[in-house]
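Observations on chain architecture
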Amino acid sequence: MAKIAVFEKLKAGGRLATGSGAGTSDAALGAPSEAQVVQAHGTSHFLGHILIVKPKGGGSSSEVVNQGSCVPLGGD
Amino acid sequence: MSPLIRQYKDIVAYKLPQGALIAFHARNLEVAEISEELWEAFVSERVPVQSDFQSLQSALSPQSALDVWNNVDSPSVRDQDLGSEVKTLTINVTQICNLHCHYCAAGGDGTYGDPIRQISIEKTFPQIRFFMDKLKPGQKFSFIFLGGEPLLYPEAIRGIGQYALSLEKAKNIQVSFRIITNGTLIDQRFVDLMEGLSPSITLSMDGDPATNDLVRPQKNGRGSSEQALLGLDVLLKNRKSFGSILIHSVFNRKNLNVVQAYRFFQQFAVDGFDFTFDVTEKDEQANLVFIEQMKKIAQLAFTAGGESELRRIAFFDGIFSTLDAQVRKVNHCGSGKSLLSIDSRNQIFSCPLMVSHKGEQVGTGIELNLQKLEPLQAPLIGMNNCGRCWARNLCGGGCLYNHKATTGDAHTKHPTYCDRTRSLIFEAISYYKQTRAEGAFHGEDSGI
Ligand code: SF4
Ligand code: SF4
């Protein structure tokens, strides 16, 4: 049981936190798309099994464009 | 002790030595912690379910949960888009070098088998205009100056840089510069020449002076460390004149002491470190040692300064950036797509290390051989047959030059490459999990 409690707590801070059963709000998700709803529902059913951590966001895709292993081609 | 690994379709999970269970969804770029029950579901029998809402309702068992998670697509992730223009040019301003590094990928002596003292700046201008003309206002364009040792001809860097800046103003394109140098020729004259360009610098040095002198000697056989460190000192004293300053070290069976190098470089106020494995090295034992050493420096960095210190190491920064951006990296690099390389004869290649390979030439001057470039336009993870590899969207199919040098074919991976890549990506993911779940993790329970 203790382990599941940890998951509930994690879930509250996780990207896919949802209202059903976890005691958290959907507000952070904004207006959810259909896919998000499916995912959020999926997560509520996953309770006790999967916690997806929240990416910080804001990373720019250009940073991952030219990165190579020859010379440091990215990172600027 | 290495972690236990289990994979189910697009989901890979691993058990860290301390018992934590971390999972990664390869398609969705999702990092998760999973329960013991779900971990067991990776190896238990299952009845497959669909990802419709009905089955979600019944997805209460760990087996079903795993299936549903695998089937659902994350709405926030997208494929990397390199666009249809070249946005990075590497330019060999010279093809001679004052050092004789043992592993030199530029033909063993910085010449690529074709020693040329100085590029023609006049012939380079039209090439720059040709590529920059294709960009829309607001786009970015970056130049990477290479050699040989590019500081043997810093006037070319200045000339080309100033020309690019004049186009930048006219076309509203953001231009940036990086110079890859051995550091031995950095002096006040160089600093003055770079005025207005604010180039970023990557200084190549492979460890403490004793180690570096062995692998990166001068032409006369003497070590190069003293000069390189003097150069670094000049750079750091003129910090405002430069963009980011990185130290780049290459490791192979002759030099595997990444930890020692990392500890030595700690004393310098640089922005980061790029520690890479020699692109031609395929020794299994050396590969394993390198992986372990990289894990150790990750731990040292993370213990000393958390995420920001860890991300001073380029590899880890790259994985964190990709996970945060939620962009599937379907190309390891922009080779032949968004990146082209100009040699000192103004010939064009798809990658800086392919410069000596006649068959790989894709143009001259402002003439591009589109037939040669066409096959390079597909995503590398497909071209390199990465299939269901769980790391594909973080690795991007790997370095074509590395594959060619180790297997003879640019699209065939050597097992050491994939082992190394996956091991280090695992490591990065576990730190990502720790930092992004901060405060909620550490296994505390509420006593229920
Ligand atoms: S193929 Fe390899 S060597 Fe060439 S640009 Fe890409 S990462 Fe660099
Ligand atoms: S190169 Fe290897 S590790 Fe990288 S995506 Fe392909 S199979 Fe995976």
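Relevant structure appears above.
About the cut-offs
- Residues numbered from 1 in each chain as written.
- Chains lettered and ligands numbered in written order.
- Predicted model: local features only at pLDDT ≥ 70, side-chain atom pairs only at ≥ 80, totals over all residues.
- Heavy atoms only, no water.
- Buried < 20%, exposed > 50% of the residue type's maximum accessible area, 1.4 Å probe, protein only.
- Helix = DSSP H or I, 4+ residues; strand = E, 2+ residues; numbered from the N terminus.
- Pairing = 2+ DSSP bridges.
- Polar contact = N/O pair within 3.5 Å; in protein donor to acceptor, adjacent residues only side chain to side chain.
- Contact = heavy atoms within 4.5 Å.
- Near = heavy atom within 4 Å.
- Nonpolar A, V, L, I, M, F, W, Y, C, P; charged D, E, K, R; others polar.
- Phe/Tyr/Trp six-rings, centres within 6.5 Å; stacked < 30°, edge-to-face > 60°.
- Lys NZ or Arg CZ within 6 Å of the ring centre and 35° of its normal.
- Salt bridge = Lys/Arg side-chain N within 4 Å of Asp/Glu carboxyl O.
- Expected span 1.5 Å × (residues − 1).
- Lys, Arg positive; Asp, Glu negative; His and termini not counted.

**Some details on the pairing of strand S13 (residues 339-342) of chain B**
Residues and elements named next belong to chain B.
- Burial along S13 is two-sided: the residues Leu 339 and Ser 341 and Leu 340 and Ile 342 are all buried.
- Sheet topology note: the strand S6 (residues 88-92)/S13 ladder contains 4 bridges and is parallel. Counted as the bridge partner of Thr 88 is Leu 339 from S13.
- Alignment of S13 against strand S14 (residues 347-349), held across 2 bridges, turns out to be antiparallel. If you follow Ser 341 over to S14, its bridge partner there is Phe 349.

**Here we look at the side chain of Gln 95 of chain B**
All names here are of chain B.
- Position of Gln 95 relative to the elements: it lies in the loop between S6 and helix H4 (121-132).
- Gln 95 gets classed as buried once you look at its relative accessible area, which sits at 1%.
- Only 3.0 Å separates the side chain of Gln 95 from the backbone oxygen of Asp 114, close enough to count as a polar contact.
- Those residues within four positions of Gln 95 in sequence are excluded, and the remaining contacts are Gly 110, Thr 111, Tyr 112, Asp 114, Pro 115, Ile 116, Gly 148, Asp 343, Ser 344 and Val 355.

**Focus: the sheet that holds strand S9 (residues 200-204) of chain B**
- The strand order across the open sheet built from 10 strands is S11-S10-S9-S8-S7-S6-S13-S14-S15-S16 (chain B), with neighbouring strands paired in mixed fashion. Each edge of the open sheet carries a strand with a single partner, namely strand S11 (272-277) and strand S16 (367-368) of chain B.

**Notes on the site of ligand 2**
Residues and elements named next belong to chain B.
- Taken together, Cys 386, Cys 389, Arg 392, Cys 395, Gly 397, Gly 398, Lys 413, Cys 418 and Arg 422 make up the full set of residues adjacent to ligand 2.
- Contributing elements (two or more residues each) for the shell around ligand 2: helix H14 (392-395) and helix H16 (415-436).
- Of the residues in the shell around ligand 2, the class split is 4 nonpolar, 2 polar and 3 charged.

**With respect to the environment of Gly 110 of chain B**
Residues and elements named next belong to chain B.
- Turning to its location among the elements, Gly 110 is positioned in the loop between S6 and H4.
- Put simply, Gly 110 and Pro 379 are 269 residues apart on the chain and 30 Å apart in space, counted from C-alpha to C-alpha.
- Sequence-distant contacts of Gly 110, defined by excluding residues within four places in its chain, comprise Gln 95, Ile 96, Cys 97, Cys 104, Gly 147 and Gly 148.

**So, the packing of aromatic side chains**
Residues and elements named next belong to chain B.
- For the coordinates displayed, the defined rule picks out 24 aromatic pairs over all chains.
- In textbook terms, an aromatic cluster arises when at least three aromatic residues are bridged by ring pairs, as seen for Phe 251, Tyr 262, Phe 264, Phe 265, Phe 268, Phe 273, Phe 275, Phe 277 and Phe 290.
- The aromatic ring of Phe 130 is capped on one face by Lys 134, whose charged end is 4.1 Å from the ring centroid.

**Re the pattern of salt bridges**
- The final tally for this structure, using the stated rule, is 25 salt bridges over all chains.
- The closest approach of N and O atoms between Lys 237 of chain B and Asp 233 of chain B, which form a salt bridge, is 2.7 Å. Of the two residues, Lys 237 of chain B and Asp 233 of chain B both sit in helix H8 (residues 225-237), 4 residues apart, roughly one turn of that helix.
- By relative accessible area, which is 63% here, Lys 237 of chain B ends up exposed.
- On the accessibility criterion, Asp 233 of chain B (35% relative accessible area) is partly exposed.
- Where salt bridges share partners, they join Lys 56 of chain A together with Glu 307, Arg 311, Asp 317, Asp 324 and Arg 436 of chain B into one cluster.

**Topic: H16 of chain B**
- If you check H16 of chain B, its first and last C-alpha atoms are 31 Å apart, about what 22 residues at 1.5 Å a residue would give, namely 32 Å.
- The buried fraction of H16 of chain B is high, at 17 of 22 residues.

**Regarding the environment of Lys 372 of chain B**
Residue and element names in this part refer to chain B.
- You can see Lys 372 is positioned in helix H12 (residues 370-373).
- Excluding residues within four positions of it along the chain, Lys 372 makes contact with Gly 359, Gln 361 and Val 362.
- At 3.4 Å, the side chain of Lys 372 and the backbone oxygen of Gly 359 are in polar contact.

**Things to note about the side chain of Lys 337 of chain B**
Residues and elements named next belong to chain B.
- Here Lys 337 shows up in the loop between strand S12 (327-328) and S13.
- One buried charged residue, Lys 337, remains without a salt bridge, the closest side chain of opposite sign being Glu 374 at 11 Å.
- Within the local environment of Lys 337, its side chain forms a polar contact with the backbone oxygen of Ala 378, the two atoms lying 2.9 Å apart.
- Leave out the neighbours within four places in its chain, and Lys 337 touches Leu 82, Glu 85, Val 86, Asn 331, Leu 376, Gln 377, Ala 378 and Leu 380.

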